[in-house]
2 protein chains.
Amino acid sequence: MDSNVKEILNSKGIKATKQRIYLYELLRKQDRPLTAEDIYLLAKNEIDCFNLSTVYRILDIFVKNNIIIKSKLDIDEKFYFEIAREKHRHYLLCIYCNQIIPLSDCPIEKYEKKIAKETGYSIVDHNLEIKGICPNCKKRHQIH
Amino acid sequence: MDSNVKEILNSKGIKATKQRIYLYELLRKQDRPLTAEDIYLLAKNEIDCFNLSTVYRILDIFVKNNIIIKSKLDIDEKFYFEIAREKHRHYLLCIYCNQIIPLSDCPIEKYEKKIAKETGYSIVDHNLEIKGICPNCKKRHQIH
DNA sequence: AATGCAGATGCGAATCATTCGCATCTGCAT
DNA sequence: ATGCAGATGCGAATGATTCGCATCTGCATT
């Protein structure tokens, strides 16, 4: 597994340091986007010589090499990072507890074609978040 | 017009100061979201005793009173503000020149119902941006 | 119209996420 | 085993936003 990651990184011309290998594996395990600080804290639990600036720098390199995706979520002012998957994903966010769950599909590929025709733009990407209240928070806050 | 704004603000329990009236009218004229700094610079052109902290504070109050909407766009790390309209809007962003144009409709109201059923969440809001390359930038960068 | 005061503004300092500078360290090619 | 380009650690800088506090201003009351 470890040597596998080393090869993946080397094949992209990225020197396979201990920190990079560790972050790559950590990110691959996650089921939702994390902030740089989340990632830093998780990493520091395992390897204590880990620096926040380094985390930012490695995330930057991974983004530039399309290994991970950087995005913002409407819940706060931070950037979020997640492994790049074959199919892109959107998330459902609970406005009370900030739980983040992945949605099963993307409803706007067709819409993009329509927009391209209407505006003359070439569409390259999109960004969709749905915000709601999760079943637990509905109970907790007596919302039906 | 001015007295009209005064009434609108007073009816929401917001003291109608010169700065608040001015910002309200400024925001109502815009066709796209602006950052606090954009707004500050526009306002300062007209009235020179205008302070950036005050702009932030007034925007905050307007957001809390549903007069304006605060959001983030994927082009930078700043917050954007726009007048709240009867129908919400989404935008198409050019990744080269950062032009922001409003889209004519919203394709995901049906999708929200499906998600609500699948997840048990109550959906309260959503956020959609489309990113592309505008006709001018396609020409300029020789992209077809 | 003058007055008082709660709340608004101006200004500078603080905060927080992110980035940068620079000295030291480490993969990896030789 | 060695050398060096590039990576890391640490602390300081940056930029958007917020806060503290002294001064000012709508507006309700007289």
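Residues numbered from 1 in each chain as written. Chains lettered and ligands numbered in written order. Predicted model: local features only at pLDDT ≥ 70, side-chain atom pairs only at ≥ 80, totals over all residues. Heavy atoms only, no water.

Going by what an unreviewed UniProt entry lists, chain A is known as Transcriptional repressor and is assigned to Soehngenia longivitae. Chain A has a UniProt comment under Sequence similarities (unreviewed entry) that states "Belongs to the Fur family." (UniProt positions renumbered as here; feature names shortened; annotations may be inferred.)

You can overlay chain A on chain B at an RMSD of 0.1 Å; the transform is a turn of 180 degrees with a shift of 0.0 Å along its axis. The transformation relating the two chain copies, once decomposed into turn and shift, fits a two-fold axis. Among all residues of chain A, the minimum C-alpha distance to the rotation axis is found for Leu128(A), at 2.2 Å. Here 100% of the interface residues in chain A have copies in chain B that are interface residues too; the copies meet face to matching face. (Least-squares fit on C-alpha atoms with pLDDT ≥ 70 in both. Contact = heavy atoms within 4.5 Å.)

Looking now at the protein's contact with DNA strand C. The full set close to DNA strand C counts 20 residues, and Tyr56(A), Phe79(A), Cys49(B), Thr54(B) and Arg57(B) are the nearest of them. Of all atoms in DNA strand C that approach within 4 Å of the protein, 70% are sugar or phosphate atoms. Ala16(A) is positioned such that a nitrogen or oxygen atom in its backbone is 3.2 Å from a phosphate oxygen of DNA strand C. At the level of elements, helix 1 (2–11) and helix 4 (52–64) of chain A together with helix 2 (18–29) and helix 4 (52–64) of chain B are the ones that each hand at least two residues to the surface near DNA strand C. Here the surface near DNA strand C gets four residues from one element, more than from any other, and that element is helix 4 of chain B. Grouping the constituent residues of the surface near DNA strand C by class yields five nonpolar, seven polar and eight charged. (Near = heavy atom within 4 Å. Polar contact = N/O pair within 3.5 Å; in protein donor to acceptor, adjacent residues only side chain to side chain. Helix = DSSP H or I, 4+ residues; strand = E, 2+ residues; numbered from the N terminus. Nonpolar A, V, L, I, M, F, W, Y, C, P; charged D, E, K, R; others polar.)

Turning our eyes to something else, we now look at the protein's contact with DNA strand D. The immediate surroundings of DNA strand D are formed by 20 residues, with Thr17(A), Cys49(A), Thr54(A), Tyr56(B) and Phe79(B) found nearest. For DNA strand D, a phosphate oxygen lies 3.2 Å from a polar atom in the backbone of Ala16(B). One of the backbone N or O atoms of Phe79(B) is found 2.8 Å from a phosphate oxygen in DNA strand D. Counting residues per element, the surface near DNA strand D draws most heavily on helix 4 of chain A, which supplies four residues. A class-by-class count of the residues in the surface near DNA strand D yields five nonpolar, seven polar and eight charged.

Before going further, it helps to spend a moment on a nonpolar patch on the surface. A surface patch of nonpolar side chains, about 260 Å² in accessible area, is lined by Ile95(A), Tyr96(A) and Val124(B). Inspection of the secondary structure assignment puts Val124(B) in strand 6 (residues 122–133). (Patch = residues over 30% accessible without salt bridge, like charges linked within 9 Å, V, L, I, M, F, W, Y side chains within 5 Å. Areas by Shrake-Rupley, 256 points an atom, 1.4 Å probe, with all protein chains shown as cover. Salt bridge = Lys/Arg side-chain N within 4 Å of Asp/Glu carboxyl O.)

On to the sheet that holds strand 6 (residues 122–133) of chain A. A sheet is described by the order of its strands in space; here six strands give the open sequence 5(A)-4(A)-6(A)-6(B)-4(B)-5(B), paired in mixed fashion. Where the open sheet ends on each side, the last strands, each with one partner, are strand 5 (100–102) of chain A together with strand 5 (100–102) of chain B. Direction aside, neighbouring strands of the sheet carry axes that sit 25 degrees apart on average. Both strand 4 (residues 91–94) of chain A and strand 5 of chain A contribute to a ladder of three bridges, which runs antiparallel. Counterpart to Tyr91(A) in the pairing with strand 5 of chain A is Pro102(A). Here helix 5 (residues 109–119) of chain A sits on the sheet in contact with strand 6 of chain A together with strand 4 (91–94), strand 5 and strand 6 of chain B, set at roughly 130 degrees to strand 6 of chain A. On the sheet, helix 5 (residues 109–119) of chain B packs against strand 4, strand 5 and strand 6 of chain A together with strand 6 of chain B and is oriented at approximately 130 degrees with respect to strand 6 of chain B. (Pairing = 2+ DSSP bridges. Axes fitted to C-alpha atoms, helices over the stretch in contact; angles between N-to-C directions.)

So, about the interface of chain A and chain B. The interface is formed by 41 residues belonging to chain A together with 41 residues belonging to chain B. Taking both sides of the interface into account, the surface hidden between chain A and chain B amounts to around 3,400 Å²; carbon and sulfur atoms contribute 57%. Of all residues in chain A, Lys72(A), Tyr111(A) and Tyr121(A) give up the largest surface area on contact with chain B, accounting jointly for 21% of the area buried on that side. Ionic pairing is found between Lys131(B) and Asp125(A), a salt bridge with its closest N-O pair at 3.5 Å. Summed over the shared surface of chain A and chain B, the result is 24 residue pairs in polar contact (both at pLDDT 80 or more). Going through the elements one at a time, strand 4, helix 5, strand 6 and helix 6 (135–140) of chain A are the ones with two or more residues in the side of chain A that touches chain B. At twelve residues, strand 6 of chain A tops the list of elements feeding residues into the side of chain A that touches chain B. Considered class by class, the residues forming the side of chain A that touches chain B number 20 nonpolar, nine polar and twelve charged. (Buried area = accessible area lost by both parts, 1.4 Å probe.)

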